[in-house]
Amino acid sequence: MKNEYLKDILTEAENTANNDSYMNLVQTPAERKIRLLCRQYLEYSGLTVGMIKRRGSCPLPIGTRNLQRLLKGEPVSLKIQVKLLGHFGVDWDICIKE
């Protein structure tokens, strides 16, 4: 079941090709958590990405392009991840694994 706010940013071809197994390969665990938090925030606020794009300002501390990338499952920079984790009040540690 696809969420309504993802329909604004994905075409039908991308919508069918976009599944969770692919996203698990692309996104880090932090990005998956952030994506979930962003989806919950947008759902609670009653906003869609299309509404944010038309209005021209994003209520989150990132731009609409990075929000779209995050919700589509594409990787985003560490700087953006840190901004969003701070915005949502999530405790985090950076760990570099070999």
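Quick caveat: nothing in here was measured; it's all calculated off a predicted structure.

Rules used in this analysis
- Residues numbered from 1 in each chain as written.
- Predicted model: local features only at pLDDT ≥ 70, side-chain atom pairs only at ≥ 80, totals over all residues.
- Heavy atoms only, no water.
- Helix = DSSP H or I, 4+ residues; strand = E, 2+ residues; numbered from the N terminus.
- Buried < 20%, exposed > 50% of the residue type's maximum accessible area, 1.4 Å probe, protein only.
- Contact = heavy atoms within 4.5 Å.
- Areas by Shrake-Rupley, 256 points an atom, 1.4 Å probe, with all protein chains shown as cover.
- Core = buried A, V, L, I, M, F, W, Y, C linked by side-chain atoms within 4.5 Å.
- Salt bridge = Lys/Arg side-chain N within 4 Å of Asp/Glu carboxyl O.
- Axes fitted to C-alpha atoms, helices over the stretch in contact; angles between N-to-C directions.
- Parallel < 35°, antiparallel > 145°, perpendicular 65-115°, else oblique.
- Left-handed = near helix turned anticlockwise from the far one by under 90°.
- Nonpolar A, V, L, I, M, F, W, Y, C, P; charged D, E, K, R; others polar.

A. Quick peek at the overall build of the protein chain. The helix and strand inventory of the protein chain stands at seven helices and zero strands. Reading the protein chain from its N end, one meets helices and strands in the order α-α-α-α-α-α-α. A buried classification covers 34% of the 98 residues belonging to the protein chain. For the protein chain, contacts bridging at least 24 residues in sequence account for 59% of all contacts bridging at least 6. Summing over all exposed atoms, the protein chain offers an accessible surface of approximately 6,700 Å²; the carbon and sulfur share of this is 51%.

B. Geometry of the nonpolar core. Ranked by size, the top nonpolar core spans 16 residues in total, and within it Cys 38, Leu 42, Leu 60, Leu 67 and Leu 84 carry the most contacts. Sorting the residues of this core by element identifies helix H4 (29-45), helix H5 (49-55), helix H6 (64-72) and helix H7 (78-88) as the ones contributing at least two each.

C. Seen up close, the pattern of salt bridges. With the rule as written, the count across this model stands at two salt bridges. The partner of Arg 69 in a salt bridge is Glu 74, and the shortest N-O contact between them spans 3.8 Å. A relative accessible area of 32% places Arg 69 in the partly exposed class. The shortest N-O distance in the salt bridge between Lys 72 and Glu 74 comes to 3.8 Å. For Lys 72, a relative accessible area of 24% corresponds to the partly exposed category. Judged by its relative accessible area of 31%, Glu 74 falls in the partly exposed class. Through salt bridges with shared partners, one network takes in Arg 69, Lys 72 and Glu 74.

D. Geometry of the environment of Ile 34. Following the sequence through the fold, Ile 34 ends up in helix H4. Exposure remark for Ile 34: the relative accessible area of 0% places this residue in the buried category. Sequence spacing of Ile 34 and Leu 84 is 50 residues, and the spatial spacing of their C-alpha atoms is 6.9 Å. Excluding residues that lie within four positions of it along the chain, Ile 34 makes contacts with Leu 70, Gln 81, Leu 84 and Leu 85.

E. Looking closely at the packing of H4 against H6. In the contact formed by H4 and H6, the axes pass within 9 Å of each other and the chain directions differ by 110°. The angle between the axes of H4 and H6 places the two elements in the roughly perpendicular class. Helix-helix and strand crossings are classified by hand; for H4 and H6 the assignment is left-handed. Contact with H4, carried on its side by Glu 31, Ile 34, Arg 35, Cys 38, Arg 39 and Leu 42, involves Leu 67, Leu 70 and Leu 71 of H6 and no other residues of that element. Per-class residue counts for the contact of H4 with H6 are six nonpolar, no polar and three charged.

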